[in-house]
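# Topology and contacts: notes
Letter by letter, the chains look like this.
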Amino acid sequence: MSETTTGRVPVTITVNGQPCTREIEPRLLLVEFLRRELGLTGTHIGCDTSFCGACTVILDGDAVKSCTLLAVQADGSEVITVEGLEGEEGLHPLQQAFSEHHGLQCGYCTPGMLMSSLALLAENPDPGIEEIRKRLGGNVCRCTGYQNIIRAVQAAARALREE
Amino acid sequence: MYPAPFRYHRPATLEDAMALLARLGDGARPLAGGQSLLPILKLRMDEPTDLVDIARIPGMRHIDGQGESIRIGALATHARIAVSEVASRFPIVQDCATGIADAQVRARGTIGGSVSTADPSCDWPTMLQVLDAEVACRGPRGERVVGIRDFFRDAYTTALEEGELVTEIRFRAPPAGSGGAYLGFKKAAPAYPAATVGVHLGLADGQVCRQARLVLGCAGPRPVQSREAEQELEGKDLNRDNLRRAAEAIISCSDPPSDSRGSAAFKRTMLHSLFMRAAEIAIRRARGETVKGGTLYV
Ligand SMILES: Cc1cc2nc3c(=O)[nH]c(=O)nc-3n(C[C@H](O)[C@H](O)[C@H](O)COP(=O)(O)OP(=O)(O)OC[C@H]3O[C@@H](n4cnc5c(N)ncnc54)[C@H](O)[C@@H]3O)c2cc1C
Ligand code: FES
Ligand code: FES
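Residues numbered from 1 in each chain as written. Chains lettered and ligands numbered in written order. Predicted model: local features only at pLDDT ≥ 70, side-chain atom pairs only at ≥ 80, totals over all residues. Heavy atoms only, no water.

### Some details on the site of ligand 1
Test applied: Whether a residue is near a molecule or strand depends on its heavy atoms: it is near if one of them lies within 4 Å of it. Definition of a polar contact: a pair of N or O atoms within 3.5 Å, with one able to donate and the other able to accept a hydrogen when the atoms are protein atoms, and with sequence-neighbouring residues admitted only if both atoms are side-chain atoms. Surface accessibility follows the Shrake-Rupley procedure with a 1.4 Å probe radius. Residue values consider only the protein chains on display as shielding. Strands are runs of DSSP state E lasting at least 2 residues, helices are runs of H or I lasting at least 4, and numbering of each runs from the N terminus. Three classes are used: nonpolar for Ala, Val, Leu, Ile, Met, Phe, Trp, Tyr, Cys and Pro, charged for Asp, Glu, Lys and Arg, and polar for all others, with Gly counted as polar.
Ligand 1 sits among 32 residues. The nearest are P30, Q35, S36, T110 and D123 of chain B. Each of chains A and B places residues next to ligand 1. Note that an oxygen atom of ligand 1 is positioned 2.7 Å from one of the backbone N or O atoms of L37 of chain B. For ligand 1, the accessible surface in isolation is 960 Å², of which the surrounding protein chains cover 95%. When residues of the shell around ligand 1 are traced back to their parent elements, those giving at least two are β2 (28-31), α7 (111-117) and β10 (165-172) of chain B. Here the shell around ligand 1 gets four residues from one element, more than from any other, and that element is α7 of chain B. Considering only residue class, the shell around ligand 1 consists of 17 nonpolar, twelve polar and three charged.

Structure representation (structure tokens):
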């Protein structure tokens, strides 16, 4: 796409393994693409200032804030959202651990927490508490006080290592 | 939808991008990681007519850290720089890269975007001034290299001309027997810092200062540097009294705004303690110790 583009533009983004092609306005944010165009409302919008991390998804392997990215910037990329976590055998070990360790209360921040944790564990299967805190620093939770979230990530890391 | 409408372009090469920017004129903006631009567009603090997406242009992502001349491509992300050989060779670079924002923003944001924004609270401008870095720019009239001090004209204002892009950041490897540290304070990872300090010291006999570079961030429209403050240290013993005098000299040149991150008085106090800590870490690193630096938050 080297030409000048006015109006709607075609983009193809592979979301949770499914290539999705849509004609969109360039100003559409990735989070709006996911929620409105694809109906994947698991990815949340928690702020207007790129602060909270509720919108975190995995883009080509990196955790990113989907509210701070245009969908056109993700054209040709692979995205994983919270809907992509659950497998044939049920909940992902991270989801299981968040549930068992009370890593959520209202659940608003949870999709973002899960995706940041997923990126962390892909990089380091055995992170210490300090590293978990650092890597979840861009995810705000107003309910849990974070302790149980950290416990949940540690438990999920153990479960994944034993798999 | 949050941003106002704009046209979107994704040129394949640097030449195409420069030609487009020159043709589109002052309503157009380059788009790199989008981590400064997108928040601005979402709040409609800027309504460009066109965005020229440079993020996929090849040849601007390199982080070359072997020789004496260090070169970092404008599109290198904070996250990649943080784990690069340059960062392990020069801990002050690591201090800076790992302290920026949070993991998500670091994965997208670029060093070129950071210097081009010239946000007084951004970390790279302050840290790169400590290293006397240079900014390589390419535009319709060819390439030119601008010293970092001349590059920042005012808050959010750089020496970039219309159609010009930052292509590379360069600095010379600091000599053996020197060490630097970059320290900041912010209230949370995704917040911008309230105060930052970069210190680089060359040592002779382990205690006497050969050369000093002292720069404050978030303390005025541009990074704050003062030759007088540096001369409080050069040729002198690096004891606490001399360090305190240098801190007072440079802080007297600063003008931190009172805002949501703290009052001016609070920030001056913070600058002072960050300065003393950064100097201590720089001295220990110059002596070959491994010491942690970086931005602190609770
Ligand atoms: C929640 C949050 C917290 C943050 N916290 C910090 C922090 O603590 N410290 C910090 O330093 N930064 C922080 N940032 C900003 C971040 O570092 C940005 O990545 C950086 O300032 C801009 O880089 P970018 O690649 O995203 O640029 P973009 O947003 O794409 O562009 C920024 C500006 O620079 C121009 N531009 C971009 N690249 C070039 C180029 N190569 N040549 C010419 N012009 C160019 C664009 O036109 C635009 O005007 C934060 C951002 C967010 C969203
Ligand atoms: S919605 Fe808050 S950071 Fe994206
Ligand atoms: S569980 Fe409510 S915000 Fe985290």
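### Things to note about the pattern of salt bridges
Going by this rule: For this analysis, a salt bridge means a side-chain nitrogen from Lys or Arg found within 4 Å of a carboxyl oxygen belonging to Asp or Glu.
Using the criterion set out here, one finds 27 salt bridges over all chains in the structure. A network of salt bridges, in which partner residues are shared, links D132, R149, R213, R227, E230 and E234 of chain B.

### Concerning the domain arrangement of chain A
All names here are of chain A. Worth spelling out the cut-off: Either an automatic procedure or a domain database provided the assignment from which the domain bounds are taken. Contacts: residue pairs with any heavy atoms within 4.5 Å of one another. Once two parts are joined, some of their accessible surface, as seen by a 1.4 Å probe, is lost; buried area is that loss totalled over both.
According to the domain assignment, chain A consists of domain 1 (9-84) and domain 2 (93-162). Placing the centre of domain 1 and that of domain 2 at their C-alpha centroids yields a distance of 21 Å. Contacts between the two partners involve 16 residues from domain 1 and, on the opposite side, 13 residues from domain 2. For the pair domain 1 and domain 2, the two sides together bury roughly 1,100 Å², of which 65% comes from carbon and sulfur. Contact with domain 2 buries area across many residues of domain 1, yet H44, T56 and V82 alone supply 40% of it, more than any other trio. On the surface where domain 1 and domain 2 come into contact, there are zero salt bridges. For the interface between domain 1 and domain 2, the tally reads four residue pairs in polar contact (both at pLDDT 80 or more). For the side of domain 1 that touches domain 2, the secondary structure elements donating two or more residues are β3 (56-59) and β4 (62-65). With three residues, β3 is the largest single contributor of residues to the side of domain 1 that touches domain 2. For the side of domain 1 that touches domain 2, the per-class residue count stands at nine nonpolar, six polar and one charged.

### Some remarks on the packing of aromatic side chains
Geometry of an aromatic ring pair is reported as the spacing of the ring centres plus the angle between the planes. All names here are of chain B. Stated formally: Two rings belonging to Phe, Tyr or Trp (six-membered ring only in the last case) form a pair when the distance between their centres is within 6.5 Å. Interplanar angles under 30 degrees mark stacking, angles over 60 mark edge-to-face geometry, and anything in between is tilted. Any Lys NZ or Arg CZ found within 6 Å of a ring centre and within 35 degrees of that ring's normal is scored as a charge over the ring.
The final tally for this structure, using the stated rule, is three aromatic pairs over all chains. Ring centres 5.5 Å apart and planes at 80° place the aromatic pair F151 and F152 in the edge-to-face group. Between K42 and the ring centre of Y2, over which it is positioned, the NZ or CZ distance is 5.2 Å.

### Things to note about the side chain of S84 of chain B
Residues and elements named next belong to chain B. Note the threshold: Any residue under 20% of the maximum accessible area for its type is buried, any over 50% is exposed, and the rest in between are partly exposed; the area is computed with a 1.4 Å probe on protein chains only.
Tracing the chain through its elements places S84 in the loop between α3 (78-82) and α4 (85-89). Residue classification places S84 among the buried residues on the basis of a relative accessible area of 10%. Polar contacts involving the side chain of S84 include one to the main-chain carbonyl oxygen of I81, which spans 2.7 Å.

### Topic: the environment of T77 of chain B
All names here are of chain B. Examined against the element boundaries, T77 turns out to sit in the loop between β5 (69-73) and α3. Considered as a pair, T77 and G33 are 44 residues apart in the sequence and their alpha carbons are 8.0 Å apart. If sequence neighbours within four positions are ignored, T77 has contacts with R106, A107, R108, G109 and T110. For T77, the side chain forms a polar contact with the main-chain nitrogen of R80, separated by 3.1 Å.

### Focus: the nonpolar core
Residue and element names in this part refer to chain B. Operational definition: Throughout, nonpolar core names a set of buried Ala, Val, Leu, Ile, Met, Phe, Trp, Tyr and Cys residues whose side chains join them through atoms within 4.5 Å.
Among the nonpolar cores identified, the biggest contains 39 residues, and V93, W124, L128 and F171 are the most heavily contacted of them. Here F171 is in contact with E68, S69, I70, I72, V86, F90, V93, L128, L131 and A133, once residues within four sequence places are set aside. Core analysis: the second largest hydrophobic core is formed by 34 residues, L238, A249, I251 and L271 among them.

### Let's talk about the interface of chain B and chain A
Counting from both sides, the interface comprises 36 residues of chain B and, opposite them, 38 residues of chain A. Carbon and sulfur atoms supply 58% of the area buried between chain B and chain A, which totals about 3,200 Å² over both sides. A salt bridge links D102 of chain B to K65 of chain A; the nearest nitrogen and oxygen atoms lie 2.6 Å apart. On the surface where chain B and chain A come into contact, there are eleven residue pairs in polar contact (both at pLDDT 80 or more). Going through the elements one at a time, β1 (7-9), α2 (37-42), β3 (50-53) and α6 (103-108) of chain B are the ones with two or more residues in the side of chain B that touches chain A. Broken down by element, the side of chain B that touches chain A gets its largest block of residues, five residues, from α6 of chain B. Taken together, the residues of the side of chain B that touches chain A break down into 22 nonpolar, five polar and nine charged.

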